[in-house]
Amino acid sequence: MLTGKSSNAYKDFLRRLNISYIIAGDENLDCALASEKLYELFGIETLMLSGGGYINGSFLNEGLIDELSLVVAPVTDGSPDTVTLFGRAGCLPEKPPVEFSLLAVEQLAGDCVWLRYSIKK
């Protein structure tokens, strides 16, 4: 997913590597438009977001997330650069916090836990 401000050189680079892309938004990513294009062009009805805090936060900010599936593993590296689950780019408006309702908890191998949540309306 790219915005209209992506350079032609970058789009040419992606084409040379046979990497598909869609343009969704002029200056900022329009997640709703991206979702519509993915459905219209490729028939994609369900997305799994794993792009990091900002892309997850952008989709959440636009009300496009209906479930959160989170695997918690009991490891850490203590890095100050650890990626967050949800983030908001400074160019986006502040929104009230989003609440989740617990759907399921499952213990996995390696002392991991799988948590599934729905969005509280």
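Residues numbered from 1 in each chain as written. Predicted model: local features only at pLDDT ≥ 70, side-chain atom pairs only at ≥ 80, totals over all residues. Heavy atoms only, no water.

1. Observations regarding the layout of surface pockets
A volume near 720 Å³ is recorded for the largest pocket. As for the largest pocket, its lining consists of 24 residues, and the residues nearest its centre are L47, M48, L49, I65 and E67. Elements with a contribution of two residues or more to the lining of the largest pocket: α2 (31-42), α3 (53-61) and β1 (67-72). Quantified by volume, the second largest pocket comes out at close to 270 Å³. Together, 15 residues line the second largest pocket, and L60, N61, K95, P96 and V98 are the ones closest to its centre. The biggest single contributor to the lining of the second largest pocket is α3, with four residues. For the lining of the second largest pocket, the class distribution of residues is eight nonpolar, five polar and two charged. (1 Å grid on protein atoms, 1.4 Å probe; cavity = no way out; pocket = protein on both sides within 12 Å on 5 of 7 lines; lining within 4 Å. Points joined across faces, edges and corners; volume = space filled by probe spheres on them. Helix = DSSP H or I, 4+ residues; strand = E, 2+ residues; numbered from the N terminus. Nonpolar A, V, L, I, M, F, W, Y, C, P; charged D, E, K, R; others polar.)

2. Considering the pairing of strand β3 (residues 112-119)
Summarising the sheet, β1 and β3 pair through six bridges and their orientation is antiparallel. Across the sheet, the residue bridging to L70 is L115, located in β3. Across eight bridges, strand β2 (residues 100-108) lies against β3 in antiparallel orientation. Paired with L108 across the strands is C112, a residue of β3. The loop that links β2 with its antiparallel partner β3 comprises three residues; one of these, G110, has a positive phi angle of about 70 degrees. (Pairing = 2+ DSSP bridges.)

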